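# Geometric and topological summary
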Amino acid sequence: MVSMLISTGSISPTTLEQRLDKRHYQMFFVWFSSNMNILALSTGSAGPAFFNLGLRDSLVIILVVDIVSCAVPAFLFVVQTLLTAQTLIPLFLVRYSGRNWEPEEWCKRASLGGIVIIGVLSLVVRPPVTDYLLGYESVAWVPNVIAFVVMLGVGGRHLRVSDYPTYPPPSASTVISYMTFIASSVVSWCTMTPDYGVHHSAKASSTRIFAYTYLGFFCSSITGHSLGAAFAAMAPAVPSWSAGFNHGENIGGLISAVLSPAGGFGKFLVVLIALSIPSACAPTMYTFGTSFMTIVPVFARVPRYVFAIISEAICYHRREAFLWDTRQHSQYAPDPPIRSIIGYWSSAFAAIVITEHLVFRRRNFEHYNTEDWDKPKKLPSGIAAVLAFVGAIGIIVPCMSQVWYVGPIARVTGDIGMLTGFVVAGGLYLLLRFLELKSVPGHNKY
């Protein structure tokens, strides 16, 4: 009974004999459901509400960024799925997934009672990942899609292009900053996507796996982001929407106002939207555990559900911190910094992993020695990865633009910390890994 209801599994590799699941289409739904929710709407709405961008500018940025950024988590998912070890990729770089802190995206928008309900639901649907969680994610998108269609149906008459309020022309730095914000919401998934294909058959083609994953991210992200931007941009021109949105401080209020013409059914949809948030929370809570379990061996002995409970406790604490912060600033003030900071380090992480796979593993999965996954002396030292990551932070800091800090480079260019972090981390790792292979004795190349 315990094994059925509570995930107690370790991070040990799954063998080819254990990888029998051929339902690779689940890789579409797990990421489609994780992003087809109110969190994506909130991200898109930041364009008009926080960055003061008009509809056209917001939609163009969303389209371009989503097309490019969705490829990053999809690529890392392919690499991990065609291997045999859960969380193998990050072992040469100390892995502590920043994406796991993003449950605060829903924590900070919910009451204490709502957090308890959502937290319990997230615990219920998360274990074990290949059964309950993936099965749940295969259908979790349905209520949100219905709600979004109804929103368009009852609110579409206000969404005429000619009726949208006029926004000032954006500066280049504003455009770049919003691009970073949108990209952060997608790229930050790359630190956790590897955890969700280790029980599926590794015989599927990489193209097929990439297509499922990329489309799952892209279809949900661009839909949610675009809807959020569209309704937020029109909110100032519709009194009921403006009151619900409260000057950009209440995305839930905006959704409720848009659905109000539907009466009781609209209120029912608002409840469904709120209760579907575990589709994003459950994966992060699961990966929160596997991230800790890869840091030091002693953590690997702790049952995974313990870390899930810890992640809930952190969420409750973050809600109180957010409530204090919103007394000082707008609701969106703490949101972009948190999201962007996660994106900064996630982009550096992705660059290092991609460089390792393309250059040093030569895109050959046989070059990953999964049998030695728990033997540090037979693994790459990780020195190159750590130094490249630290070097990337050195360029990210002067290039970052946040409410509480604007770097000297960012004052001119806008927030380019995520882009420069990716480029510098990849370049440094390429150089340092070559040096590591030649100068560090006693470590296996692969």
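Cut-off values and rules
- Residues numbered from 1 in each chain as written.
- Predicted model: local features only at pLDDT ≥ 70, side-chain atom pairs only at ≥ 80, totals over all residues.
- Heavy atoms only, no water.
- Helix = DSSP H or I, 4+ residues; strand = E, 2+ residues; numbered from the N terminus.
- Buried < 20%, exposed > 50% of the residue type's maximum accessible area, 1.4 Å probe, protein only.
- Contact = heavy atoms within 4.5 Å.
- Areas by Shrake-Rupley, 256 points an atom, 1.4 Å probe, with all protein chains shown as cover.
- Phe/Tyr/Trp six-rings, centres within 6.5 Å; stacked < 30°, edge-to-face > 60°.
- Lys NZ or Arg CZ within 6 Å of the ring centre and 35° of its normal.
- Patch = residues over 30% accessible without salt bridge, like charges linked within 9 Å, V, L, I, M, F, W, Y side chains within 5 Å.
- Salt bridge = Lys/Arg side-chain N within 4 Å of Asp/Glu carboxyl O.
- Expected span 1.5 Å × (residues − 1).
- pLDDT = per-residue confidence, 0-100.
- Core = buried A, V, L, I, M, F, W, Y, C linked by side-chain atoms within 4.5 Å.
- Axes fitted to C-alpha atoms, helices over the stretch in contact; angles between N-to-C directions.
- Parallel < 35°, antiparallel > 145°, perpendicular 65-115°, else oblique.
- Left-handed = near helix turned anticlockwise from the far one by under 90°.
- Nonpolar A, V, L, I, M, F, W, Y, C, P; charged D, E, K, R; others polar.

### Section: the overall build of the chain
Scanning the chain for helices and strands turns up 21 helices and zero strands. Expressed as a percentage of the 446 residues in the chain, the buried residues total 55%. Residue pairs in contact within the chain that sit at least 24 positions apart in sequence constitute 85% of those at least 6 positions apart. Taken as a whole, the chain presents about 18,200 Å² of accessible surface, with 68% of it coming from carbon and sulfur.

### Details of the environment of Leu152
Along the chain, Leu152 turns up in helix α9 (residues 141–155). Residue classification places Leu152 among the partly exposed positions, given a relative accessible area of 41%. Spatially, the C-alpha atoms of Leu152 and Phe231 are 9.4 Å apart, while their sequence positions differ by 79 residues.

### Description of the packing of aromatic side chains
Aromatic ring pairs are reported here in terms of the distance separating the ring centres and the angle at which the planes meet. Within this structure, the stated rule accounts for 19 aromatic pairs. In this structure an aromatic cluster arises from ring pairing among Tyr25, Phe28, Phe29, Phe32 and Trp141. Across from the ring centre of Phe360, 5.5 Å away, lies the NZ or CZ of Arg433, which sits over that ring.

### Digging into a nonpolar patch on the surface
A cluster of nonpolar side chains, namely Val60, Leu63, Val64, Ile67, Val68 and Met179, defines an oily patch on the protein surface of about 480 Å² accessible area. It is helix α4 (residues 55–69) that provides the largest number of residues to the nonpolar patch, a total of five residues. Among the structural elements, Val64 can be located in helix α4.

### A closer look at helix α10 (residues 172–187)
With 16 residues, α10 ought to run about 22 Å at 1.5 Å a step, and its terminal C-alpha atoms sit 22 Å apart, in line with that. Taken residue by residue, α10 has Thr174, Ser177, Tyr178, Thr180, Phe181, Ile182, Ala183, Ser184, Ser185, Val186 and Val187 as its buried positions.

### Considerations on the confidence of the model for the chain
Of all residues in the chain, 78% attain a pLDDT of 70 or more, and the chain-wide mean is 79. α4 holds the highest mean pLDDT among the elements of the chain, 96, whereas helix α6 (residues 104–107) holds the lowest, 40. Within the model, pLDDT remains below 50 along residues 1–6, and this stretch shows six contacts once partners closer than five positions in the same chain are excluded. A low-confidence stretch, residues 85–113 (pLDDT under 50), is modelled with 107 contacts involving residues beyond four sequence positions or located in other chains.

### Thoughts on the nonpolar core
Formed by 57 residues in total, the largest nonpolar core has its most connected members in Trp31, Tyr178, Cys190, Tyr196, Ile352 and Tyr429. Per-element accounting of this core gives the leading share, ten residues, to helix α18 (residues 335–360). Not counting the four nearest positions on each side in its chain, Tyr178 is found in contact with Thr43, Gly44, Ala46, Gly47, Phe51, Leu53, Ser58, Ile61 and Ile62.

### A word on the packing of α4 against α10
Two numbers describe how α4 lies on α10: the axes approach to 9 Å, and their chain directions differ by 40°. What the angle tells us is that α4 and α10 run oblique. Pair α4 / α10 crosses with right-handed handedness. Across the interface between the two elements, Ser58, Ile61, Ile62, Val65, Asp66 and Ser69 from α4 touch Val175, Tyr178, Met179, Ile182, Ala183, Val186 and Val187 from α10. Here the contact of α4 with α10 is built from residues that sort into ten nonpolar, two polar and one charged.

### Here we look at the pattern of salt bridges
Scanning the model with the defined rule gives four salt bridges in all. Notably, a salt bridge pairs Arg160 with Asp163, separated by 2.9 Å at the nearest N-O pair. Assessed through its relative accessible area of 33%, Asp163 is described here as partly exposed. As a salt-bridge pair, Glu356 and Arg361 come within 2.7 Å of each other at their nearest N and O atoms. Taken as a pair, Glu356 and Arg361 share a single burial class, namely buried. Three or more residues are tied together by salt bridges with common partners; here these are Glu356, Arg361, Arg433 and Glu436.

### Points about unusual backbone geometry
Look at Asn52: it is not a glycine, yet its phi comes out positive at around 60°. Following the sequence through the fold, Asn52 ends up in the loop between α3 (38–49) and α4. Taking relative accessible area as the criterion, Asn52 reaches 38% and is therefore assigned partly exposed. In this structure, Arg362 takes a positive phi of about 55° despite not being glycine. Tracing the sequence through the fold places Arg362 in the loop between α18 and α19 (383–399).

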